[in-house]
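These are the residues of each chain, in order.
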Amino acid sequence: MAKVTVLGAGAWGTAFGQVLADAGNDVLMWAREPEIVESIRERHCNEVRLPSVAKLPDNMTATGDRAEAVKDAEIIIVAIAAQFARVALEEFKGLIPDKAIIVSLMKGIERGTGKRMDEVVKEALDLPDGRFAALSGPNLSKEVAARNPAGAVIASCNPYVALRVARACQTNYFKPFTSEDVIGVEMCGSMKNVVALAVGMSRGAGYGENTAAMIETRGLAELTKLGIAAGAKAETFAGLAGFGDLVATCSSPLSRNFTFGYNLGKGMSVEEATQVSNGVAEGVPTATAVLALAKEVGVSVPLAAAVSRVINDGISFDAMMAELFGEDITEE
Ligand SMILES: NC(=O)C1=CN([C@@H]2O[C@H](COP(=O)(O)OP(=O)(O)OC[C@H]3O[C@@H](n4cnc5c(N)ncnc54)[C@H](OP(=O)(O)O)[C@@H]3O)[C@@H](O)[C@H]2O)C=CC1
Ligand SMILES: O=C(CO)COP(=O)(O)O
């Protein structure tokens, strides 16, 4: 078993920390707020970000000190809101042990650069490809925290790294699979959030299964096309990180993206929906960020463009659908 550090004690960082602790690792959480550090270290809970868990495992503790957090770590998990990953990780540059493996749990595209989280993490830490892995899948944090059976994909260009991470997080309720398709796993995780926003909007606007199914299907086609153009493998989009996570995120009120979309569909503004959100809705910045990436690789992303119109220009869901439908008849 390994010494594992989790950077970011949000809902998913904490729930995944528990998976790692259940798998027998020594888990050290790093958080920037003293009250979260104190709550995990002294009372074995995270009342702020994961109140559904009454007691975290005893082999899980926390620190607010960056150097202490990573100094002995063999595996370092990054679970920070995607738009802040670069700035947060730059503070750890130079502190990370030479052989440590870095695993990203984040699902987003960086605004301003259009970069995936694998690119952001490697740039921020000056990390070689072979020490990086991305973990993604249908993993609603509250369900994983309740130890409901779940699966995920761990992707790395280095198969030994993927296997090492998989072994470190395998439990009787968490089933990891490995992959070499880092780009595919990253693209699935970030783009499904944009689709979940749109499905949430349709539900909030009062529409039923046909509308949701159309958005999910066309959304999967769009993210597959974009992902392949960015260098991903087609089969990844039919797997846990792709279709699997799309289904979970687009169907559950536990998803912050679905809920954020639902509130927009009911008529809230972006500001109002942000205020009532209980965690980061990564699809909001990603919907716009992905447009830069799509332009760069020459792929049209009508759904992401439409969602970004709702977010940036405040058009309604009905207006968004009217724009998406258009008048042209095209091949599916
Ligand atoms: N929740 C889920 O079900 C799942 C989430 N994910 C992904 O994991 C990532 C994290 O999600 P989750 O934990 O749920 O999100 P939360 O909103 O619960 O937590 C976000 C985390 O990011 C930290 N953070 C934000 N800004 C900074 C900063 N400038 N410096 C340092 N830390 C910062 C927050 O710290 P602070 O508390 O101080 O704000 C917090 O620990 C996201 O990319 C998400 O898409 C993936 C799978 C499942
Ligand atoms: O990624 C997730 C489930 O796999 C969590 O989705 P939200 O970030 O929308 O809560």
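Residues numbered from 1 in each chain as written. Chains lettered and ligands numbered in written order. Predicted model: local features only at pLDDT ≥ 70, side-chain atom pairs only at ≥ 80, totals over all residues. Heavy atoms only, no water.

1. Focus: the site of ligand 2
- Residues in contact with ligand 2, as listed here, are Lys107, Gly137, Pro138, Asn139, Leu140, Lys192, Asp245, Thr249, Leu254, Ser255, Arg256 and Asn257.
- Interatomic distance of 2.9 Å between a backbone N/O atom of Asn139 and an oxygen atom of ligand 2.
- Contact distances for ligand 2 include 2.7 Å between an oxygen atom and a side-chain N or O atom of Ser255.
- Coverage of ligand 2 by the protein chains reaches 92% of its 310 Å² of free accessible surface.
- Looking at the shell around ligand 2, the elements with two or more residues in it are helix H10 (240–251) and helix H11 (256–265).
- Residue classes in the shell around ligand 2 are distributed as 3 nonpolar, 5 polar and 4 charged.
- Three or more residues apiece are contributed to the shell around ligand 2 by two domains, here domain 1 (3–180) and domain 2 (190–325). (Near = heavy atom within 4 Å. Polar contact = N/O pair within 3.5 Å; in protein donor to acceptor, adjacent residues only side chain to side chain. Areas by Shrake-Rupley, 256 points an atom, 1.4 Å probe, with all protein chains shown as cover. Helix = DSSP H or I, 4+ residues; strand = E, 2+ residues; numbered from the N terminus. Nonpolar A, V, L, I, M, F, W, Y, C, P; charged D, E, K, R; others polar. Domains from an automatic or database assignment.)

2. Examining the state of the cysteines
- All told, the structure shown has 0 disulfides when counted by the stated rule.
- The closest cysteine sulfur to the non-disulfide-bonded Cys157 is located on Cys188, 18 Å from its own sulfur.
- A disulfide-free cysteine, Cys169 has its sulfur positioned 18 Å from the sulfur of Cys188, the nearest such atom.
- On the accessibility criterion, Cys169 (0% relative accessible area) is buried. (Disulfide = S-S within 2.5 Å. Buried < 20%, exposed > 50% of the residue type's maximum accessible area, 1.4 Å probe, protein only.)

3. Points about the side chain of Ser104
- Residue position: Ser104 is located in strand S5 (residues 101–104).
- Judged by its relative accessible area of 1%, Ser104 is buried.
- Looking at Ser104, its side chain comes within polar contact range of the main-chain nitrogen of Met106, at 3.1 Å.
- Residues within four places of Ser104 in sequence aside, it is in contact with Val78, Met117, Val121, Phe132, Ala133, Ala134, Leu135 and Glu186. (Contact = heavy atoms within 4.5 Å.)

4. Here's the deal with the domain arrangement of the protein
- Domains assigned within the protein are domain 1 (3–180) and domain 2 (190–325).
- Here domain 1 and domain 2 have C-alpha centroids that lie 25 Å from each other.
- Between domain 1 and domain 2, the contact holds 23 residues from the first and 20 residues from the second.
- Here domain 1 and domain 2 share an interface that buries about 1700 Å² over both sides, 67% of which is from carbon and sulfur atoms.
- Its largest share of buried area at the contact with domain 2, domain 1 owes to Lys107, Ile109 and Leu140, together 33% of the area lost on that side.
- The interface formed by domain 1 and domain 2 includes 1 salt bridge.
- Between Asp245 and Lys107 there is a salt bridge, with its nearest N and O atoms 2.7 Å apart.
- Counting every contact that joins domain 1 to domain 2 gives 4 residue pairs in polar contact (both at pLDDT 80 or more).
- Mapped onto the side of domain 1 that touches domain 2, the elements with two or more residues apiece are helix H6 (141–145) and strand S7 (150–155).
- Per-element tally for the side of domain 1 that touches domain 2: the top contributor is S7, with 3 residues.
- Looking at the side of domain 1 that touches domain 2 residue by residue, the classes come out as 10 nonpolar, 7 polar and 6 charged. (Buried area = accessible area lost by both parts, 1.4 Å probe. Salt bridge = Lys/Arg side-chain N within 4 Å of Asp/Glu carboxyl O.)

5. Side note on the UniProt feature "binding site: NADPH" (unreviewed entry) in the protein
- Mapped onto the present numbering, the UniProt feature "binding site: NADPH" (unreviewed entry) falls on Trp12, Arg32, Lys107, Ser141, Arg256, Val280 and Glu282.
- Relative to the elements of secondary structure, Arg32 occurs in the loop between strand S2 (26–30) and helix H2 (34–43).
- With respect to the helices and strands, the residue Glu282 is situated in the loop between helix H12 (270–276) and helix H13 (283–297).
- Since its relative accessible area comes to 7%, Glu282 is described here as buried.
- With residues up to four places along the chain from it excluded, the contact list for Glu282 reads Ile80, Ala81, Ala82, Gln83, Lys107, Asn193 and Asn257. (UniProt positions renumbered as here; feature names shortened; annotations may be inferred.)

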